[in-house]
Amino acid sequence: MRRRSLLREVLRSTSGKVGALLALILGLGSLVVVTTLPLDFGTASWSNPSVWADNPKAVPPVWAAAFSADSPAEHRVLEASEPTETTERGAARVEVYDLAFTYDEDLPPTFVSFSLGPVTYLDRPPSMSVTLLRPDGTEVPLLRTTVRGPRPNEEPPIERHHETPLRVLVTAEPETAEAASEMLAESYGVEIPASQLEGQVPSALFGVPDADGELVPLRGDYVITVRAALAQPEDGIEWVRAVVGGGAFGWLGTDNNGRDLVPGLAFGLPVALLIGILVTTVSTTIGTGLGMLSGYKGGRVDLVIQRVADVVNNVPTLPLLIFLIFIFGASLPLIMFFLVAFSWPGLTILVRSMVLGLSGSQEVDAARALGASSRQVLTKHIFPHIAPYIFAQLIFSVPAVILVEAGLSFLGLGDPSVPTWGQILQDGYQTGAVFLGHWWWVVSPGLLIVITAMTFVLLARAMEPVVNPKLRND
C-alpha cells in the first residue's frame, strides 16, 4: 500500500482516529516540554529541594477544593523589594516592609516561612524581626534573626545569600510556638503550652479558640511586618518574602517535598516517548534484519541466529534486567540498551517464518531468474510483503517498553537524574501516598501511562486492516 492509502486506511476506523488524535496531542505536548524545560531539569530543578522550598507539602490540586466542604487555605507568596517605611538614626536606618493580605478560608495555613534575597553590608550584619498583626489587633512576634557576620580576613563589602536565599520555616521555630502560646493566654485566656502546639502553630497564629477550646480560623486582614536594621548607608537588602502555605497547589498538587507535579509529569512525557519509540525502533530493526537474513540464507547462518534468539528469548527478562541494572547502575542509556538487547528475538523468529514462506514464491523465483542479487530480493521482493506487519508490531511494542521502564523505576531502579512517571509513582508508594489519601500523587502518573499506552494500542488496532487485507471494508 502507498503511504497515502495506508494513512487513509488507518484513519477509517474509530480506533485509528482516536489513536491519531492522542498521538498528535502527545507529540505536541512533548515538543512544548522540550522547548520550555531545560534538558537538565532533573538534576537542576526536580532533585533540588531549594527550588520547591516555598511550596506546601503533599497538598491536592486547587480544583479539588470544589469537591470539599471546607475551602483550604490559599497559597500566598508575599514579596517586597522596596520598604514601606524607613527610619534613619544617624548612619544607621531601619527599613520596614509591610506584607498585607486578607484571610477568608475555612482551614488554617499549612506553614509560614520567611526568606530574604541578596544582602550586602560593610561591617555589621543586618538583623531582622518578623511580626504578625492579626485582625483582632494582637501582634505576634514570629522571628528574630541576623545575617551571618564576616569571616576572618573577609574584606568589605560583605555579600550574603546572593545564590541561595536565607530561608526560615517560621512555624517550626520554638520561639514562634512560645509567642503563639502567650498570645492565646493573654488575649483569650486559653492555656496551651508551646510543647502541645507542635504541628498546630499555623492554627494558633491564624485562629481563635471556640467555646470548646478548639482553634478555628480568624478571618480578616493580616499584616506580616519585617523590620531590618542596617548599620551603614551602603548596606542593603534586595527583597524580603513571606510565604503563607496553602492547603492546595497547582493543577496536579504537590508531593512530600513540595514539588509541583505538573513540570515533573510533563518532563516524563518526552522521556517516555523517547524510551518507547527509540528502543522499539532499534529492537525492531535488529529483529527484522536478523529474521530476514536467517530465513533467506538458511544453513549455518539460520542455525546460529535461531539458537541465539531461542536462548535470549527464553531468559527471564525482568529479573535479569533488575540484576544488570543493580550491577552496572541505573542510567537511562544503560536501561535502554538492556531493553533493546532483550527485545529483538521474538520478532526475529516470526520474521524468519514469514521469509521462509515468501522465499519460494513465484515473485522471488522470477527475480532470481532475472539476476537480482540477494540484497535486491530481500529489499524489493520480500520486505514490502512483511513491512505492514513489521510496522504494526513496532507500534504495538511501544507501550510494552514504556511499561517496563515504568516498572523498573517503580522498583527504584530508574535513572534518578531523569524524572519519569514510574519514579513519581515510586516516590508516592515509598511515602505511603495511597494509604494517606494522596490520590493525586498516584492517579496522575498512572493515568498518563495508561493514556500513552492506549494511544499506541489504538494505532496498532487500526493497523490490522493494513496487515490483513481480508479485514478491509472496500
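Up top is the structure these notes are about.
First things first, this report covers the structure right here in the doc. (Residues numbered from 1 in each chain as written. Predicted model: local features only at pLDDT ≥ 70, side-chain atom pairs only at ≥ 80, totals over all residues. Heavy atoms only, no water.)

A separate point is the overall build of the chain. Check the secondary structure of the chain and you find 16 helices and 14 strands. The C-alpha atoms of the chain give a radius of gyration of 32 Å, which is well past the 23 Å a tight globule of 474 residues would have. Judged by the C-alpha coordinates and their principal axes, the chain covers about 105 × 60 × 40 Å. Residues counted as buried form 45% of the 474 residues belonging to the chain. (Helix = DSSP H or I, 4+ residues; strand = E, 2+ residues; numbered from the N terminus. Rg over C-alpha atoms; globule rule 2.2 N^0.38 Å. Buried < 20%, exposed > 50% of the residue type's maximum accessible area, 1.4 Å probe, protein only.)

Relative to the helices and strands, Arg93 is located in strand β3 (residues 92-103). Taking relative accessible area as the criterion, Arg93 reaches 14% and is therefore assigned buried. Of note is the side chain of Arg93, whose polar atom sits 3.1 Å from the side chain of Glu95. Within the structure, the side chain of Arg93 is placed 2.6 Å from the backbone oxygen of Asp235, a separation counted as a polar contact. Ignoring anything within four residues of it in the chain, the contact list for Arg93 reads Thr86, Thr87, Glu88, Ala228, Ala229, Leu230, Gln232, Pro233, Asp235 and Gly236. (Polar contact = N/O pair within 3.5 Å; in protein donor to acceptor, adjacent residues only side chain to side chain. Contact = heavy atoms within 4.5 Å.)

Looking now at the sheet that holds strand β8 (residues 158-160). Taken in spatial order, the three strands of this open sheet run β8-β5-β13, and their pairing is antiparallel. The sheet is open, and its two borders are formed by β8 and β13 (236-237), each paired with just one other strand. Note: strand β5 (residues 119-121) against β13, two bridges, orientation antiparallel. By the bridge assignment for β13, Thr120 is matched with Gly236. (Pairing = 2+ DSSP bridges.)

This next bit is on unusual backbone geometry. Omega for the bond connecting Pro156 with Pro157 falls within 30 degrees of zero, at 0°, which places this linkage in the cis form. Its place among the elements puts Pro157 in the loop between β7 (139-146) and β8. Non-glycine residue Ala58 carries a positive phi angle of around 50°. Structurally, Ala58 is set in the loop between α3 (41-46) and β1 (76-80). For Ala58, a relative accessible area of 15% gives the class buried. Phi is positive for Asn153, which is not a glycine, with a value near 70°. With relative accessibility at 76%, the residue Asn153 sits in the exposed group.

Moving on, we come to the environment of Gln430. The topology assignment puts Gln430 in helix α13 (residues 421-430). Residues Gln430 and Gly258, 172 residues apart in the sequence, show an inter-C-alpha distance of 16 Å.

Both strand β2 (residues 85-89) and β3 contribute to a ladder of five bridges, which runs antiparallel. In the sheet register, Thr86 faces β3, and the bridge partner there is Glu95. Hairpin geometry of β2 and β3 is characterised by an intervening segment of two residues between the two adjacent antiparallel strands and by a positive phi of about 70° at Gly90. Note that β3 and strand β12 (residues 220-230) share 11 bridges and pair antiparallel. Considered in β12, the bridge of Val94 is made with Ala229.

Following the criterion strictly, the structure yields 17 salt bridges and no others. For Asp136, the salt bridge is made with Arg134, and the minimal N-O distance between the two is 2.8 Å. Taking relative accessible area as the criterion, Asp136 reaches 32% and is therefore assigned partly exposed. In this structure, the salt-bridge partner of Glu139 is Arg227, at a minimum N-O distance of 4.0 Å. You can see Glu139 sitting in strand β7 and its partner Arg227 sitting in strand β12, a full 88 residues away along the chain. Residue classification places Glu139 among the partly exposed positions, given a relative accessible area of 45%. Overall, Arg227 belongs to the partly exposed group, its relative accessible area being 33%. Within the structure, one salt-bridge network assembled from shared partners comprises Asp54, Glu79, Arg167 and Arg241. (Salt bridge = Lys/Arg side-chain N within 4 Å of Asp/Glu carboxyl O.)

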